[in-house]
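Close look at the chain arrangement
Listed below, chain by chain, are the residues.
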Amino acid sequence: MSEPKKLYIKTYGCQMNVYDSERMSETLGGQGYVETKSPEDADMILLNTCHIREKAAEKVYSELGRFKGLKAEKPDLKIGVAGCVAQAEGEEIMRRQPLVDLVVGPQSYHRLPEMEAKTRTGAKALDTDFPEEDKFEKLKNRPKAKRGPTAFLTVQEGCDKFCAFCVVPYTRGAEVSRPADRIIREAQDLVERGVREITLLGQNVNAYHGAGPNGDMTLAGLIWELNKVDGLERIRFTTSHPNDMADDLIEAHGTCNKLMPYLHLPVQSGSDRILKRMNRSHTAESYLRLIERIRAARPDIVMSGDFIVGFPEETEEDFQATLDLVQEVKYGYAYSFKYSTRPGTPAAERSQVDPDVADDRLQRLQALITQHQREIQDAMVGRKVSVLFEKPGRLAGQMVGKSEYLHSVHVSDADVAVGELRDVRITNSGANSLAGKLI
Ligand code: 5AD
Ligand code: SF4
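Fair warning: this is a prediction, and the values are worked out from it, not measured in the lab.

Focus: the overall build of the chain
Scanning the chain from N- to C-terminus turns up 15 helices and 21 strands. The globule rule puts the C-alpha radius of gyration for 439 residues at 22 Å, and the 23 Å found for the chain is close to it. Put simply, 71% of the contacts in the chain that link residues at least 6 apart link residues at least 24 apart. As displayed, the chain has an accessible area near 19300 Å², and 50% of this comes from carbon and sulfur atoms. Averaging the locations of the 60 positively and 66 negatively charged side chains of the chain gives two centres separated by 3 Å.

The structure is reproduced here in structure tokens:
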């Protein structure tokens, strides 16, 4: 038998890209590729790119430039660009960087085998279509390899919301939900391979409306179906939009035993004036009332969010409203970003906030968030949590896992295996993790 070809994939950005990279690796597995951790060994290098951060495309070009030497040594090396930069830039990438053999957008990954074959003839392959066929069905032909205890599962993709700052509706396209039966089958397959916790992924996951046996299903309906899968212990989902937080989903947080008490619900700003300019179609007040209802259903839920500071025309007063909202919600986790322009989005045309002012606001917001994060983590000391153990820790005999609230928990001298779910009493709260003892 010939040596397997080696594939090096570098993944940037969100969890959906992590999921997509796994699917790409599996589908190229069918072409005789095995993954390698070093680009020097690779016969094919794939960059799975993200377009959400500033100068994303420039970073991809400079990363590609670094492969020049490798390609000179190894003319058969194929270099590909996948993900949202591939979708956004398309042919421009091939024009600007002749090293690139293949450009594939997120909706075309199932076509990778043919594209790879095409590059082997010396031709270039480009596909950034939004095809009709179901890429997930085409991607599912994969070996039954054993998996770790946690996995991502994409249930919907794309977004119809068009927030004024965001590229996702352009790079990932319109909102599309996968049929429920396929998701359930994929979940069952993951469980057979050792997975105990599944995070359902979608850019607008709670807008999920995939076909079910009796018409379209809601995300809550899907979660209730997954709740029945034997051996699956935990369900999470991300990322949600406040406007799609349906009553049945809020209720499921109180009643569905496998649904974890953690919710990532980005608000972006606490100022109604800015929210309107962002085209968010919710207000600070409607968001706060929503959180009240979620907490009424599940009082111990840990909230997480995303914020943008320095959005065009944001005043100090607008920013204060954001701090007020954070003060009221108290997030266990939150991700805050300085606004940066994305060409082609409506906000890119507007007058920008002074970068020093935006930096200062970002620091103030992050300080407040960190303080709450710490308080919420510290309040876990003395409590009993359930921990899904994911890997050995750095110290001998130590094991690390995640609590239901997504806190990392370290246990010393832990007689537990990876994949075990155990009750733990929290004894200590450190900088970024908790420590505890098995009960
Ligand atoms: N500038 C800064 N942050 C952004 N995000 C999305 N687009 C931009 C942008 N142009 C942030 C939002 C989103 C998260 C994934 O990234 O907060 O929720
Ligand atoms: Fe982007 Fe999320 Fe707004 Fe959709 S809802 S446009 S993905 S920020």
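A word on the site of ligand 2
Lining the immediate surroundings of ligand 2 are C159, K161, F162, C163, F165, C166, V168, P169, N204, H241 and R280. Classifying every residue of the shell around ligand 2 gives seven nonpolar, two polar and two charged.

Quick notes on the pattern of salt bridges
One pass over the structure, following the stated rule, counts 37 salt bridges. The residue K10 makes a salt bridge to E63 at a minimum N-O spacing of 3.3 Å. Residue K10 is located in strand β1 (residues 5–11), and its partner E63 is located in helix α2 (residues 56–65); the two are separated by 53 residues in the primary sequence. Residue E63 is classed as buried on the basis of its relative accessible area of 9%. Note that R66 and E63 form a salt bridge whose closest N and O atoms lie 3.7 Å from each other. Here the residues in one salt-bridge network are E314, E316, D360, R361 and R364, joined through shared partners.

Quick look at helix α13 (residues 284–297)
Every α-helical turn comprises 3.6 residues, leaving residues that sit three or four positions apart pointing alike. For α13, with 14 residues, the first-to-last C-alpha span of 20 Å sits near the 20 Å given by 1.5 Å per residue. When α13 is considered as a whole, its buried residues turn out to be A284, Y287, L288, L290, I291 and I294. Buried positions in α13, seen along its axis, are confined to an arc of 155 degrees and lie on one side of it.

Topic: the nonpolar core
Residues L200, L222 and Y331 are the most contacted members of the largest nonpolar core, which totals 58 residues. Those residues in contact with Y331 that lie beyond four places of it in its chain are V267, Y287, M303, S304, G305, F307, L325, V326, I369, H372, Q373 and I376. Among the nonpolar cores identified, the runner-up in size contains 21 residues, and V60, I79, A86 and L99 belong to it.

Overview of the site of ligand 1
For ligand 1, the full set of nearby residues is I52, R53, F165, Q268, D306, I308, F337, K338, Y339, S340 and R342. Note that a nitrogen atom of ligand 1 is positioned 3.0 Å from one of the backbone N or O atoms of F165. Q268 places a side-chain nitrogen or oxygen 2.7 Å from an oxygen atom of ligand 1. Here ligand 1 loses 87% of its free accessible area of 400 Å² to cover by the protein chains. Within the residue set of the shell around ligand 1, elements represented by two or more residues are β15 (302–309) and β16 (333–338). When grouped by side-chain class, the residues that make up the shell around ligand 1 number five nonpolar, two polar and four charged.

Looking at the UniProt feature "binding site: [4Fe-4S] cluster 2" (unreviewed entry) in the chain
Per the UniProt entry, the sites bearing "binding site: [4Fe-4S] cluster 2" (unreviewed entry) are C159, C163 and C166 in this numbering. Structurally, the position occupied by C159 is in the loop between β8 (156–157) and α8 (168–171). Setting aside its immediate chain neighbours within four residues, C159 contacts V168, P169, G173, A174, E175 and N204. Examined against the element boundaries, C163 turns out to sit in the loop between β8 and α8. You can call C163 buried: its relative accessible area is 9%. Non-local contacts of C163, meaning those with residues more than four positions away in its chain, are made with M278, N279 and R280.

Quick word on the packing of aromatic side chains
Applying the stated criterion to the full structure yields five aromatic pairs. Taking the centre distance of 5.5 Å and the plane angle of 70 degrees together, the rings of Y262 and Y333 count as edge-to-face. You can see Y262 sitting in strand β14 (residues 262–264) and its partner Y333 sitting in strand β16, a full 71 residues away along the chain. In this structure, Y262 and Y333 share a single accessibility class: buried. Both rings, one in F307 and one in Y331, keep their centres 5.4 Å apart while their planes meet at 85 degrees; by these two values the pair is edge-to-face. Remark: Y331 occurs in the loop between α14 (316–329) and β16 and F307 occurs in strand β15; sequence separation between them is 24 residues. Like F307, the residue Y331 is buried in the burial classification. Through pairs of rings, three or more aromatic residues link up here, namely F165, F311 and Y339. Positioned above the aromatic ring of Y19 is the side chain of R23, whose terminal nitrogen or guanidinium carbon lies 4.3 Å from the ring centre.

What counts and how
- All residue numbers here refer to positions counted from 1 along the written sequence of the relevant chain.
- Lettering for chains starts from A, numbering for ligands starts from 1, and both go in the order in which the items are written.
- Residues qualify for local features only when their pLDDT is at least 70, as the model is predicted, and side-chain atom pairs are given and counted only at 80 or more; totals for whole chains, interfaces and linings, by contrast, use all residues.
- Hydrogen atoms and water are omitted, and side-chain values are computed over all heavy atoms in the structure.
- Put simply, DSSP H or I for four residues or longer makes a helix, DSSP E for two residues or longer makes a strand, and each gets a number counted from the N terminus.
- We take the radius of gyration over the C-alpha atoms and set the globule estimate at 2.2 Å times the residue count to the 0.38 power.
- Any pair of residues with heavy atoms lying within 4.5 Å of one another is described as a contacting pair.
- In these tables, accessible area is a Shrake-Rupley quantity obtained with a 1.4 Å probe, and a residue counts as shielded only by the protein chains included in the view.
- The sign given to each residue is positive for Lys and Arg and negative for Asp and Glu; His and the chain ends receive no count.
- Taken as the charge centre is NZ of Lys, CZ of Arg, CG of Asp or CD of Glu, depending on the residue.
- If a single non-hydrogen atom of a residue is within 4 Å of a molecule or strand, that residue counts as near it.
- Three classes are used, and their members are as follows: Ala, Val, Leu, Ile, Met, Phe, Trp, Tyr, Cys and Pro are nonpolar, Asp, Glu, Lys and Arg are charged, and the others, Gly among them, are polar.
- Throughout this description, the term salt bridge denotes a Lys or Arg side-chain nitrogen within 4 Å of a carboxyl oxygen of Asp or Glu.
- Summary of the burial criterion: residues with accessible area below 20% of their type's maximum are buried, those above 50% are exposed, and those between are partly exposed, where the area comes from a 1.4 Å probe applied to protein chains only.
- Any helix carries an expected span of 1.5 Å times its number of residues minus one.
- The directions considered for the arc run from the helix axis to the C-beta atoms.
- Residues grouped as a nonpolar core are buried Ala, Val, Leu, Ile, Met, Phe, Trp, Tyr and Cys residues, joined through side-chain atoms within 4.5 Å.
- Side-chain atoms alone can form a polar contact between residues adjacent in sequence; in general such a contact is a pair of N or O atoms within 3.5 Å, and within protein one must be able to donate a hydrogen while the other accepts it.
- UniProt positions are given in the numbering used here, feature names are shortened, and annotations may be inferred rather than shown by experiment.
- Two rings belonging to Phe, Tyr or Trp (six-membered ring only in the last case) form a pair when the distance between their centres is within 6.5 Å. Interplanar angles under 30 degrees mark stacking, angles over 60 mark edge-to-face geometry, and anything in between is tilted.
- Criterion for a charge above a ring: Lys NZ or Arg CZ within 6 Å of the ring centre, and within 35 degrees of the ring normal.

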